[in-house]
2 protein chains.
Amino acid sequence: MSAENLPRILIIDDELAIRRFLHTILSSEDFSLHEAENGHAGLAAAAAFKPDIILLDLGLPDLDGIEVIMRLREWSQVPIIVLSVREHENDKVAALNAGADDYLTKPFGVGELLARIRAALRRSLQEVPEPIYTCNGLQVDLTRRLVTIQGEEVSLTPTEYDILRLMVTHAGKVLTHSQILKQVWGIAYLEQPHVLRVNISNLRRKIESDPSRPRHIVTEPGVGYRLTL
Amino acid sequence: MSAENLPRILIIDDELAIRRFLHTILSSEDFSLHEAENGHAGLAAAAAFKPDIILLDLGLPDLDGIEVIMRLREWSQVPIIVLSVREHENDKVAALNAGADDYLTKPFGVGELLARIRAALRRSLQEVPEPIYTCNGLQVDLTRRLVTIQGEEVSLTPTEYDILRLMVTHAGKVLTHSQILKQVWGIAYLEQPHVLRVNISNLRRKIESDPSRPRHIVTEPGVGYRLTL
DNA sequence: AAACTTCTTGATGTTTTCTTGACAGCTTAC
DNA sequence: GTAAGCTGTCAAGAAAACATCAAGAAGTTT
């Protein structure tokens, strides 16, 4: 898994010792970490860093923890796990009602923290449906890898689907021969425009109602191809 | 608010006293309640009652609590809040890793319980999928692990059932070879598509009326397999 | 321990996909 | 007008992917 895909965790805590502690625990797992030492910095970091989960200490110097939660909840659904020394029930209730997802009282077990982080991540990673490209009876559902023309299912070979997916994700824009060849076949095929033509032809036969006068996959002579918007 | 739209809570606990206690607390709020006094009844009720949230006691007479969580998670994403007297960290970690959303140690405060229920409800306003897949005479009941074809029960091996369950929970979507291999056999088998083919073949022999022309498990050449919707 | 089920693995034949070459149509340049 | 270059189509052989059978290994139950 590449570094970009690691779950992102934002730690908002003013105590250096705790930040170090959390850093030690969490960096042994596969997480991408970011830290903020007060409420305002935390709110800014939440917007900039776009964490998948926030670990929030309630006792911040500049802002009340509840305030931070409420400000976050004005625009973000990111899971918030509160870490606090206050174990009075009212504090927990207030934080949870303000929009926190979980509340852990210090000192807490490392295993429990990790388990609760995983539980929160599990919930929030529930996949977001990708948009479906639709145009003139052609429909491409990228999540289901399903292509339909006039409602009828079309079966594409892996290569054909790769090309079409590339075009859908860049719908309306011209894709040069080199771009398509590089993406689908790899750099080694840069000087082989023939394979691309054959595949475009096959693709058109499958998704165009009149392959000799294509409406979806338009050729831009001398440059490449373009998928009509 | 009409009675049909109230959040539905299922309580799985063997102790009458606790059920009474929870009933008292929760019926003062706007909840629709249902109770089960052992694991099997709880699993059945989860399928029939379709709760928005489950309060689960770990110490059940017939099934281990972790087992209940895992069985539920085979087909349902419903939030599970564990209520337990065991406050050892290992118990919490095991429950959370098995798929629980929260863990409360008895005795707990009423306010905290309500707050945690609200927190769980807040983020789980999503649709619950039907636990029973039906299509062209093939029926898969994930809650009972029961597969029937034209009403007749089919006996599957554990591996075959795992594959089918994976496909049912992603019905309509293409599952790549790697996805299936990773989920069913583990990462070590990623480069062994042969075992998958053998098992798909066996599965088809059992659930397809004409295995050579499959209607349910469609192969997407070069990619994987897909369960017809 | 025997009987049974399930899993794994190898061998073999089939199907699908990929690559490549031949050729024809079209456009542009001269 | 014609040559050159780009483009589209068809078809055949090669390569890869797939399905199925069957036998032995491993694990379970009786």
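Above this note sits the structure.
Residues numbered from 1 in each chain as written. Chains lettered and ligands numbered in written order. Predicted model: local features only at pLDDT ≥ 70, side-chain atom pairs only at ≥ 80, totals over all residues. Heavy atoms only, no water.

**Some thoughts on the overall build of chain A**
Tallying secondary structure elements over chain A gives eight helices and 12 strands in all. Relative to the 2.2 N^0.38 estimate, which gives 17 Å for 229 residues, the radius of gyration of chain A is 25 Å and therefore markedly larger than a compact globule would have. For the C-alpha atoms alone, the extent of chain A along its principal axes is close to 75 × 35 × 30 Å. Every one of the 229 residues in chain A was classed for burial, and the buried ones make up 46%. (Helix = DSSP H or I, 4+ residues; strand = E, 2+ residues; numbered from the N terminus. Rg over C-alpha atoms; globule rule 2.2 N^0.38 Å. Buried < 20%, exposed > 50% of the residue type's maximum accessible area, 1.4 Å probe, protein only.)

**Section: helix α4 (residues 89–98) of chain B**
Quick reminder: α-helices carry 3.6 residues per turn. Residues three or four places apart thus point the same way. Those residues of α4(B) not exposed but buried are B:K92, B:V93, B:A95, B:L96 and B:A98. Contact partners of the buried residues in α4(B): α5 (110–124) of chain A together with α3 (65–73), β4 (80–84) and β5 (102–105) of chain B. Count one or two residues on from α4(B) and you reach B:G99, which has phi positive near 130 degrees. (Contact = heavy atoms within 4.5 Å.)

**A closer look at the sheet that holds β5(B)**
Residue and element names in this part refer to chain B. Spatially, five strands are ordered β2-β1-β3-β4-β5 in an open sheet, and the strand pairing comes out parallel. Each of the sheet's edge strands pairs with one partner strand only, and the pair in question is β2 (32–36) and β5. Strand-to-strand twist in this sheet, taken as the mean axis angle between neighbours without regard to direction, amounts to 20 degrees. With four bridges connecting them, strand β1 (residues 8–12) and strand β3 (residues 53–57) associate as parallel partners. When the bridges of β3 are listed, I12 appears paired with L56. The sheet strands contacting helix α1 (residues 16–28) are β1, β2, β3 and β4, and the helix crosses β2 at an angle near 170 degrees. (Pairing = 2+ DSSP bridges. Axes fitted to C-alpha atoms, helices over the stretch in contact; angles between N-to-C directions.)

**Some remarks on the layout of surface pockets**
Reported here for the second largest pocket is a volume of approximately 470 Å³. Surrounding the second largest pocket, 21 residues form its lining, A:K92, A:T105, A:E112, B:K92 and B:T105 being those nearest its centre. Each residue belonging to the lining of the second largest pocket can be placed in one class, and the counts come to eight nonpolar, three polar and 10 charged. (1 Å grid on protein atoms, 1.4 Å probe; cavity = no way out; pocket = protein on both sides within 12 Å on 5 of 7 lines; lining within 4 Å. Points joined across faces, edges and corners; volume = space filled by probe spheres on them. Nonpolar A, V, L, I, M, F, W, Y, C, P; charged D, E, K, R; others polar.)

**Observations concerning the protein's contact with DNA strand C**
Around DNA strand C sit 19 residues in total, of which A:T157, A:T159, B:T157, B:T159 and B:W185 are the nearest. Within 4 Å of the protein, the contacting atoms of DNA strand C are 62% sugar and phosphate, with bases supplying the remainder. Within the side chain of A:T157, a nitrogen or oxygen atom sits 2.8 Å from a phosphate oxygen of DNA strand C. Take A:T159: an N or O atom from its side chain is 2.3 Å from a phosphate oxygen of DNA strand C. Class assignment of the residues belonging to the surface near DNA strand C gives a composition of 11 nonpolar, eight polar and no charged. (Near = heavy atom within 4 Å. Polar contact = N/O pair within 3.5 Å; in protein donor to acceptor, adjacent residues only side chain to side chain.)

**Some words on the sheet that holds strand β1 (residues 8–12) of chain A**
All names here are of chain A. Across the sheet, five strands lie side by side as β2-β1-β3-β4-β5; this open sheet has parallel pairing. Each of the sheet's edge strands pairs with one partner strand only, and the pair in question is β2 (32–36) and β5 (102–105). For this sheet the average axis-to-axis angle between neighbouring strands, irrespective of direction, equals 20 degrees. Taken strand by strand, helix α4 (residues 89–98) contacts β4 (80–84) and β5, and its axis lies near 150 degrees from that of β5.

**Quick word on the packing of aromatic side chains**
With the rule as written, the count across this model stands at two aromatic pairs over all chains. Considering the side-chain rings of A:F21 and A:F108, the 6.5 Å spacing of their centres and the 40 degrees angle between planes classify their relative orientation as tilted. Separated by 87 residues along the polypeptide, A:F21 in helix α1 (residues 16–28) and A:F108 in the loop between β5 and α5 bring together distant segments of the chain. The positively charged end of A:R145 is found above the aromatic ring belonging to A:Y161, 4.2 Å away from the centroid. Directly above the ring of B:F49 sits B:R8, whose terminal nitrogen or CZ lies 4.3 Å from the centroid. (Phe/Tyr/Trp six-rings, centres within 6.5 Å; stacked < 30°, edge-to-face > 60°. Lys NZ or Arg CZ within 6 Å of the ring centre and 35° of its normal.)

**Quick notes on the protein's contact with DNA strand D**
Surveying the vicinity of DNA strand D reveals 23 residues, the closest of which are A:T219, A:G222, A:Y225, B:G222 and B:Y225. Considering DNA strand D, the proportion of its atoms within 4 Å of the protein that are sugar or phosphate atoms stands at 71%. Contact between DNA strand D and B:S201: a phosphate oxygen at 3.2 Å from a side-chain N or O atom of the residue. Within the contact set of DNA strand D, a phosphate oxygen lies 2.7 Å away from a side-chain nitrogen or oxygen of B:R204. Its residues assigned to classes, the surface near DNA strand D shows eight nonpolar, 11 polar and four charged.

**Describing the pattern of salt bridges**
In total, this model carries 35 salt bridges over all chains according to the counting rule given. For B:D57, the salt bridge is made with B:K106, and the minimal N-O distance between the two is 3.6 Å. Placement of B:D57 in strand β3 and of B:K106 in the loop between β5 and α5 (110–123) is noted, with a sequence separation of 49 residues between them. The class for B:D57 is buried, based on a relative accessible area of 5%. Since its relative accessible area comes to 15%, B:K106 is described here as buried. The salt bridge involving B:D210 is made with B:R213; its shortest N-O contact spans 3.5 Å. In this structure B:D210 comes out as partly exposed when scored by relative accessible area, which is 29%. A relative accessible area of 60% means that B:R213 is categorised as exposed. Overlapping salt bridges, with partners in common, bring together A:K92, A:D102, A:E112, A:R116, B:K92, B:D102, B:E112 and B:R116 in one network. (Salt bridge = Lys/Arg side-chain N within 4 Å of Asp/Glu carboxyl O.)

By themselves, these observations are geometric and do not establish any function.
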